[in-house]
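Remarks on the overall topology
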Amino acid sequence: METYDVIIIGTGAGGGTLARHLAPSGKKILLLERGDWLPREPQNWLSQNVFVENRYVSEDTWYDEKGKPFQPQIHYFVGGATKLYGAALYRLRAEDFGELAHHDGISPAWPISYDELEPYYTQAEQLYQVHGARGEDPTEPPSSAPYPHPAVSHEPRIQQLSDQLAAAGYHPFHAPCGILLNEADMAYSTCVRCANCDGFPCPVHAKADAEVLGVRPALEHANVTLLRNAKAVRLETNESGTAVTDVVVEHNGGTENFAGNVVVVACGAANTARLLLASANDKHPNGLANGSDQVGRNFMFHDSVAVLALSREENPTVYQKTLGLNDFYFGSDDFEYPLGNIQMVGKSQAPMFHGEKPGETKLAPEWTLERVARHAIDFWLSTEDLPRPENRVSVARDGKLTMSYAETNAEAKKQLYEKLHSILGKLDLNPGHLFHRFAYMKNEIPVAGCAHQAGTCRFGADPGTSVLDVDCKAHELDNLYVVDTSIFPSIGAVNPALTAMANSLRVGDRLLERLAA
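This one's a predicted model, so the numbers in the text were calculated from it and none came from an experiment.

1. What to know about the side chain of T499
- Its location among the elements puts T499 in helix α10 (residues 497-516).
- A distance of 2.6 Å separates polar atoms of two side chains, one belonging to T499 and the other to Y121.
- In contact with T499, not counting residues within four places along its chain, are Y90, L92, W110, L117, Y121 and F488.

Written out as structure tokens, the structure is:
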């Protein structure tokens, strides 16, 4: 059996980034992806196919704590969840790396500081071609370099909204966007600045995702191999249980084993936990690397809600995801605890609403779905979800994944919604017209919308309370690493992708040192 220097399981923000970082080393690297290339086809840009028919939601069945099955909104493709993400590439705030008091409890500190991750944030922004503007967001952390590309400009209706927010005393900023856009010379721009970006695949490869900017550049190196439609189902260890020897993979209707000197897991918070738990053996009876009983625990996925406001005038914006607001990230005058982040999302399109529950928006009869879409200004609100040991992934003997979850920080989420409602009431919008938008989470089980999942294999200095050490190596195994969002001790209130990418680069440097030794 062929032995690889490094096996990376998963090709998303963590695994795809790591593959590109390690590729120039010349070491033999195997990438395992349970999905295939996402097809480039006309349906990529059709909201009916993407949001109503769920064309790109991968087949999988999970169970809630009562044993009820549900289909998670998850995507198994080369590039992982980044293939359909909104490409909002935020840094966590510096304060997010320390202990923070929230309405529902404590958000724990990370074992590394913001300053330790900052150089890797800068590298990740450069790697993923982030567009942004420093100095606009009062909560932004210090940075060692400007954004590599200028901020994506606001279209007129969003610029008007930004000006109104600023005039009212708020601090709107240009959201950091990972798109391959050249506004100065659109004839040579990969991105055409279309309406079908946030939540859609990009058929022209203009989204800064982990396939386009991670896996494909890695594969230009002859030492890197990608095996698609290859689902890792178990990790085997040596007799002493101190190192992983083989990755057991379902491929081409059978089972194959692949040997690696270093094994890196990057399957996403739920599936990384599932793989480790399913790999229990005599030396690790509760699951691989689970002597602390923390594998699968502390699941987080942002307490989020998508809403739309109805503007008095039509909103002809095409690419809407250009504005953010963090004025309430750490609290407000009348609420001492952190509230979270407000940002724009992709523009509403009438077909998106057809999959939603009748009556949920309580629209007046004269508001047709097409008219709603024309007048909608769309926002995404994220409040920090707190880690709770009982919010967890577990795996039954038959391999079924169970997700037990209870919401945290509901009051802060409510307060953030009320803040937005109050702000928009002062602007040129229909008073009272702020509606929940369910285009991203049509499943009745909230945890099914798991795009921002994190926390099931937290890293830390204490083997008794964490799964991984500070370098994201399993405390109990010499050659097992994890580089996805499952390592997060806390999730903050901004999109986690850039932090996963930055940490993957940090761990990649440790691995390069190890491989060179």
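Anyway, onward from the coordinates.
2. Some remarks on the sheet that holds strand β19 (residues 401-404)
- An order of β4-β3-β19-β18 is seen for the four strands of this open sheet, with the pairing classed as mixed. With one partner strand each, in any of the chains shown, β4 (69-70) and β18 (392-395) form the two edges of the open sheet.
- The sheet contact formed by strand β3 (residues 62-64) and β19 spans two bridges and is parallel. The partner of Y63 across the bridge, within β19, is T402.
- On top of the sheet, helix α6 (residues 269-277) reaches β3, β18 and β19; it is set at about 40° to β18, its chief contact.

3. Let's talk about the packing of helix α1 (residues 15-22) against α10
- Two numbers describe how α1 lies on α10: the axes approach to 9 Å, and their chain directions differ by 40°. Viewed along their axes, α1 and α10 adopt a mutual orientation that is oblique. Regarding α1 and α10, the two cross each other, and that crossing is right-handed. Residues T17, L18, H21 and L22 of α1 form the contact with α10, whose own contacting residues are M501, S504, L505, G508, D509, L511 and L512.
- A breakdown of the residues in the contact of α1 with α10 according to their chemical character gives six nonpolar, four polar and one charged.

4. Observations regarding the pattern of salt bridges
- Throughout the structure, instances matching the rule amount to 23 salt bridges.
- Between R274 and D60 there is a salt bridge; the shortest N-O distance is 3.6 Å. Taken together, the residues R274 in helix α6 and D60 in the loop between α2 (47-52) and β3 connect sequence positions 214 residues apart. Accessibility assignment for this pair places R274 and D60 in one class, buried.
- One salt bridge in this structure joins E125 and R134, with 2.7 Å as the shortest N-O distance.
- You can call E125 buried: its relative accessible area is 1%.
- With relative accessibility at 25%, the residue R134 sits in the partly exposed group.
- Residues joined in a network through salt bridges with shared partners are K83, D209, E211 and R216.

5. Structural notes on the confidence of the model for the chain
- Considering every residue of the chain, the mean pLDDT works out to 92; 93% of them sit at 70 or more.
- The low-confidence segment residues 357-362 (pLDDT under 50) makes seven contacts with residues lying over four places distant or belonging to another chain.
- Here residues 438-445 scores under 50 on pLDDT; set against residues more than four positions off or in separate chains, the count is 27 contacts.

6. Details of α10
- If you check α10, its first and last C-alpha atoms are 28 Å apart, about what 20 residues at 1.5 Å a residue would give, namely 28 Å.
- The buried fraction of α10 amounts to 14 of the 20 residues, a majority that puts the element mostly inside the structure.

7. Some details on the packing of aromatic side chains
- Enumeration over the complete set of coordinates arrives at 15 aromatic pairs.
- Between W110 and F488, the aromatic rings sit 5.1 Å apart at their centres with planes inclined by 55°, giving tilted as the arrangement. With W110 in the loop between β6 (105-107) and α3 (114-127) and F488 in the loop between β21 (480-482) and α10, this pair connects stretches of sequence that are 378 residues apart. Across the pair, exposure class does not vary: W110 and F488 are buried alike.

Criteria and cut-off values
Residues numbered from 1 in each chain as written. Predicted model: local features only at pLDDT ≥ 70, side-chain atom pairs only at ≥ 80, totals over all residues. Heavy atoms only, no water. Helix = DSSP H or I, 4+ residues; strand = E, 2+ residues; numbered from the N terminus. Polar contact = N/O pair within 3.5 Å; in protein donor to acceptor, adjacent residues only side chain to side chain. Contact = heavy atoms within 4.5 Å. Pairing = 2+ DSSP bridges. Axes fitted to C-alpha atoms, helices over the stretch in contact; angles between N-to-C directions. Parallel < 35°, antiparallel > 145°, perpendicular 65-115°, else oblique. Left-handed = near helix turned anticlockwise from the far one by under 90°. Nonpolar A, V, L, I, M, F, W, Y, C, P; charged D, E, K, R; others polar. Salt bridge = Lys/Arg side-chain N within 4 Å of Asp/Glu carboxyl O. Buried < 20%, exposed > 50% of the residue type's maximum accessible area, 1.4 Å probe, protein only. pLDDT = per-residue confidence, 0-100. Expected span 1.5 Å × (residues − 1). Phe/Tyr/Trp six-rings, centres within 6.5 Å; stacked < 30°, edge-to-face > 60°.

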